[in-house]
Amino acid sequence: MRIVKTIEAFNEMRKTLQGSVGFVPTMGALHEGHLSLIRRAREENDQVIVSIFVNPTQFLEGEDLDAYPRREEADIRICEFAKVDMLFMPMMGQMYVPDELRIGAPAIRGYILEGAKRPGHFDGMLQIVMKLLNLTHPHRAYFGKKDAQQLALIMQMVRDYFMSVEIVPCEIVRDGQGLALSSRNTYLSPEEKERALCLSRSLKRATEMVMAERLDAAEICLEVLGVLQEADSIEYVAIVNRAFEPLETVLLGDTIILVVAWVGKTRLIDNVWI
Ligand code: AMP
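Peer 1: What am I meant to see in the nonpolar core here?
Peer 2: Across soluble globular proteins, nonpolar side chains show a tendency to be buried alongside one another. Ranked by size, the top nonpolar core spans 33 residues in total, and within it Phe88, Met95, Leu126, Val129, Leu133, Met157 and Ile167 carry the most contacts. Residue assignment for this core shows that the elements contributing at least two residues are α1 (7–16), β2 (21–26), β4 (86–88), α6 (121–136), β5 (140–144) and α7 (148–160). Considering every element that reaches this core, the biggest residue donor is α6, with nine residues. Not counting the four nearest positions on each side in its chain, Val129 is found in contact with Phe143, Ile154 and Met157.

Below, the structure written as structure tokens:
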């Protein structure tokens, strides 16, 4: 595996990669969720590039940018083990220049739900993903369904900007008890981890209702809110279609149910695709 830290070195190395390229962008502190993306990229491509960059422009004032877990050594070993070909770990100054051109999230879809709670988050996210895709120019790029709105916006960016990359959505990986894996789970105490299970439990309840043909979105939201009471506060429960338009009735094959709640000082997100 080649570890690259500068744009110049990256471009040199990229030229030497033969065949199809799969790309997995991450912010590090790698876990099984990231690994599932890397494994899939490994299966479907001749070459695999992983990036690790804690992107400051997608963190808002007062968010956990400084506290965000950084595990460079462990991440390198994990990527080696997963047979990654190139690991790109740039410093901030490599990725951004002062007063640079900005792209923005769409005015509606980029500013509802996560975008309403974290205004500007998706602008920063799209900015860095655009840069990374242009730099790596992969055939396929892999993103988790866990960040469902992020995934939808990246797919929109690729469409709207006529970018030639296939975006591959990947299933959410959970621990044995159902908690969706996240680098931020390291913030949770054992007691908080136990209570954090209410997110996946609430989505399981929603899925059971759908299976029982109880498809009314308001009714499902009420049930989900009930199960989420174990969290310290609930930010939102939403039922939308794949284009992130609100639904009054669940449409089988075109629905995402999203929950966001705080447990202790940790903001947790989860969702289920129906
Ligand atoms: P992050 O390092 O949190 O920016 O995540 C990098 C990529 O991994 C994103 O596409 C995430 O959606 C994906 N990811 C994070 N956690 C999971 C998970 N539990 N299951 C599947 N994909 C995940």
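Peer 1: Looking at this structure, I do not really get the sheet that holds β4. What am I missing?
Peer 2: Sheet strands line up and pair through hydrogen bonds in the backbone, either parallel or antiparallel. The strand order across the open sheet built from six strands is β1-β4-β3-β2-β5-β6, with neighbouring strands paired in parallel fashion. Among the strands making up the open sheet, the edge pair consists of β1 (2–4) and β6 (166–170). Strand-to-strand twist of the sheet, defined as the mean angle between neighbouring strand axes without regard to direction, takes the value 25°. Across six bridges, β2 lies against strand β3 (residues 47–52) in parallel orientation. Of the residues in β3, the one forming a bridge with Val24 is Val50. Packed on one face of the sheet, α7 meets β5 and β6 and runs near 170° to β6.

Peer 1: Explain the site of the ligand to me, please; I cannot follow it from the model alone.
Peer 2: Surveying the vicinity of the ligand reveals 17 residues, the closest of which are Met27, His34, Asp147, Val173 and Leu181. The contact in question runs from an oxygen atom of the ligand to an N or O atom on the backbone of Gly144, over 2.9 Å. Here Leu181 contributes a backbone N or O atom positioned 2.8 Å from a nitrogen atom of the ligand. Isolated, the ligand exposes 490 Å² of accessible area, and the fraction of that covered by the protein chains is 92%. Among the secondary structure elements, those contributing two or more residues to the shell around the ligand are β2, α2 (32–44) and β5. Among the elements that take part in the shell around the ligand, α2 stands out by supplying three residues, more than any other. Among the residues forming the shell around the ligand, the class breakdown is eight nonpolar, six polar and three charged.

The rules behind these values
Residues numbered from 1 in each chain as written. Predicted model: local features only at pLDDT ≥ 70, side-chain atom pairs only at ≥ 80, totals over all residues. Heavy atoms only, no water. Core = buried A, V, L, I, M, F, W, Y, C linked by side-chain atoms within 4.5 Å. Buried < 20%, exposed > 50% of the residue type's maximum accessible area, 1.4 Å probe, protein only. Helix = DSSP H or I, 4+ residues; strand = E, 2+ residues; numbered from the N terminus. Contact = heavy atoms within 4.5 Å. Pairing = 2+ DSSP bridges. Axes fitted to C-alpha atoms, helices over the stretch in contact; angles between N-to-C directions. Near = heavy atom within 4 Å. Polar contact = N/O pair within 3.5 Å; in protein donor to acceptor, adjacent residues only side chain to side chain. Areas by Shrake-Rupley, 256 points an atom, 1.4 Å probe, with all protein chains shown as cover. Nonpolar A, V, L, I, M, F, W, Y, C, P; charged D, E, K, R; others polar.

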